[in-house]
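Coordinate inspection notes
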Amino acid sequence: MKTVAIVGASLAGARAAQELRALGFDGRVVLIGEEPHLPYDRPPLSKAFLAGSASRESLDLLDADDLASLDIRLGTRAERLDPSTGRLVLSGGELEADGLVLATGGRARALPGTESVAGVHVLRTLDDSLALCEELVPGARVVIVGGGFIGAEVASTCHGLGLEVTVLEALPTPMARVLGPELGAICARLHDRNGVTLRCGASVAGLSTLAGRVTGVQLETGEKLPADVVVAGIGMAPAVEWLDGSGLAVGNGVRTNAGLVASLPNVVAAGDVAAYGPAGTRNEHWTNATEQASVAVANLLAGQVVREYEPSGYVWSDQYAGTLQLAGHPLPEDEVRFADGGPDDESLLATYHRDGRTVAVFGLNNPRGFGRLRRQALRRPMPVG
């Protein structure tokens, strides 16, 4: 193998490039990114960077030595993969490679019909964060559609900037699909304790506008909420449309086996775009991208599956000067037991139980206890998919 192309200058793409060199690959590594920016860390985009307390340089994922060892093509869009030749068709020409790492991630879902409405934002890229930051001016009324991790983090940041914030969540409890209703209710109380309005069971019917700019959010109940800024935190769609006709199995991401190897020779996937294992599981988390990159690269270089991906399920979220941590793979119906503190405490630990075993650990503002409990409770590998 002489040339490996990595499509996606994402966290997974950057870690894949580093892993290739760490494993001794001395051939050409081409890192292709659609954005004009060098690979950067995304979690601060909804937190410190959005708040203006973190610099652009602090987001960089690659150092000078990394950059010197790579052929980096920014502002370049992957348009097609030719299944007969394995040639990549790019917006700036064509590229032949012996190996391919797909790390294209995805695109944030926008509220339908709002693409040209000023004041309406999504948050996934550096440019998204910069555009939103410009509008978080004193006195701005912010409505966030979606009470998941991104929505909650943006709400927390906006609250820290002294803005009036309302979070709209369609479910009865925020983050119930991830944390279950009992611990999701704890996240709801975080908003309440910090003076942020949370409206659960709220569905958006449309927006009010004036001269092309948003002025409010209309709920299906007929209620209208005034808004100067609207942020949609309603998930993302994996970036796979360019792979139509490639011969790769795609759907809700690039389908791979448990080793992250795709359905064409010498092609692997990692990060948000990888749908791995029999169930086609996708994990949209920072830890997942870093863990998958090393597995995908090892199997690419070996030409076969020498490692299977075993997700840790670790997720964290900084909200309102506190930190939520989760490890494992809980289901909404799992039994929750509190190991330290209780649901009304500002610091707590809890475990999830299913079929007589501990399947996940949750912590709020207790990182040391969380680490200890995680090591004790999750010693056995978690199931894949």
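Residues numbered from 1 in each chain as written. Predicted model: local features only at pLDDT ≥ 70, side-chain atom pairs only at ≥ 80, totals over all residues. Heavy atoms only, no water.

Quick notes on the overall build of the protein
Secondary structure assignment for the protein yields eight helices and 26 strands. Against the globule reference of 21 Å for 385 residues, the protein gives a C-alpha radius of gyration of 22 Å, in line with a compact fold. Oriented by its inertia axes, the alpha-carbon framework of the protein measures out at about 60 × 60 × 35 Å. The contacts of the protein with a sequence gap of at least 6 include a subset with a gap of at least 24, amounting to 59%. As presented, the protein carries roughly 16,700 Å² of accessible surface, and 48% of it is formed by carbon and sulfur atoms. The centroid of the 33 positive side-chain charges in the protein is displaced by 4 Å from the centroid of its 45 negative side-chain charges. (Helix = DSSP H or I, 4+ residues; strand = E, 2+ residues; numbered from the N terminus. Rg over C-alpha atoms; globule rule 2.2 N^0.38 Å. Contact = heavy atoms within 4.5 Å. Areas by Shrake-Rupley, 256 points an atom, 1.4 Å probe, with all protein chains shown as cover. Lys, Arg positive; Asp, Glu negative; His and termini not counted. Charge placed at Lys NZ, Arg CZ, Asp CG, Glu CD.)

Some words on the layout of surface pockets
Counted as a void, the second largest pocket has a volume near 190 Å³. Together, 13 residues line the second largest pocket, and Leu81, Gly86, Ala97, Pro265 and Val267 are the ones closest to its centre. Residue composition of the lining of the second largest pocket, grouped by class: eight nonpolar, three polar and two charged. (1 Å grid on protein atoms, 1.4 Å probe; cavity = no way out; pocket = protein on both sides within 12 Å on 5 of 7 lines; lining within 4 Å. Points joined across faces, edges and corners; volume = space filled by probe spheres on them. Nonpolar A, V, L, I, M, F, W, Y, C, P; charged D, E, K, R; others polar.)

Here's the deal with the sheet that holds strand 19 (residues 253-256)
With mixed pairing, three strands are arranged side by side in an open sheet as 18-19-21. Single-partner strands in this sheet number two, and they are strand 18 (250-251) and strand 21 (274-276). Relative to strand 19, strand 18 runs antiparallel, the two sharing two bridges. When the bridges of strand 19 are listed, Val250 appears paired with Val254. (Pairing = 2+ DSSP bridges.)

Brief notes about the sheet that holds strand 4 (residues 78-81)
Spatially, 4-5-6 is the arrangement adopted by the three strands of the open sheet, whose pairing is antiparallel. The outermost strands of the open sheet, each flanked by one partner alone, are strand 4 and strand 6 (93-95). Geometrically, the sheet is characterised by an average inter-axis angle of 25° between neighbouring strands, direction not taken into account. (Axes fitted to C-alpha atoms, helices over the stretch in contact; angles between N-to-C directions.)

A closer look at the UniProt feature "domain: FAD/NAD(P)-binding" (unreviewed entry) in the protein
Under the UniProt annotation, the feature "domain: FAD/NAD(P)-binding" (unreviewed entry) is placed at residues 3-293. Within residues 3-293, the helical portion is 24% and the strand portion 29%, while the C-alpha atoms at the span's ends are 17 Å from each other. (UniProt positions renumbered as here; feature names shortened; annotations may be inferred.)

Let's talk about the packing of aromatic side chains
Considering all chains together, one arrives at four aromatic pairs under this definition. Ring centres 5.7 Å apart and planes at 75° place the aromatic pair Trp286 and Trp316 in the edge-to-face group. Highlighted residues: Trp286 in helix 7 (residues 286-302) and Trp316 in strand 22 (residues 315-319), separated in sequence by 30 residues. Ring geometry for Tyr314 against Trp316: centres 6.3 Å apart, planes inclined by 20°, an arrangement best described as stacked. We classify Tyr314 as buried; its relative accessible area is 17%. Each residue in the set Trp286, Tyr314, Trp316 and Phe370 is aromatic and connected to the rest through ring pairs, giving one cluster. (Phe/Tyr/Trp six-rings, centres within 6.5 Å; stacked < 30°, edge-to-face > 60°. Buried < 20%, exposed > 50% of the residue type's maximum accessible area, 1.4 Å probe, protein only.)

Side note on the pattern of salt bridges
Following the criterion strictly, the structure yields 19 salt bridges and no others. A salt bridge links Glu96 to Arg87; the shortest N-O distance between them is 2.7 Å. Residue classification places Glu96 among the exposed positions, given a relative accessible area of 52%. Under the relative-accessibility criterion, Arg87 is labelled partly exposed at 23%. If you follow the salt bridges from partner to partner, you end up with Arg28, Asp71 and Arg73 in one network. (Salt bridge = Lys/Arg side-chain N within 4 Å of Asp/Glu carboxyl O.)

A few points about the nonpolar core
In terms of nonpolar packing, the biggest core is built from 49 residues, with Ile6, Leu88 and Leu102 touching the most fellow members. Beyond its immediate stretch of four places on either side in the chain, Leu88 contacts Ala5, Val7, Ile32, Arg80, Leu81, Gly93, Glu94, Leu95, Leu100 and Trp242. With 42 residues, the next largest nonpolar core counts Leu126, Val165, Val167 and Met175 among its residues. (Core = buried A, V, L, I, M, F, W, Y, C linked by side-chain atoms within 4.5 Å.)

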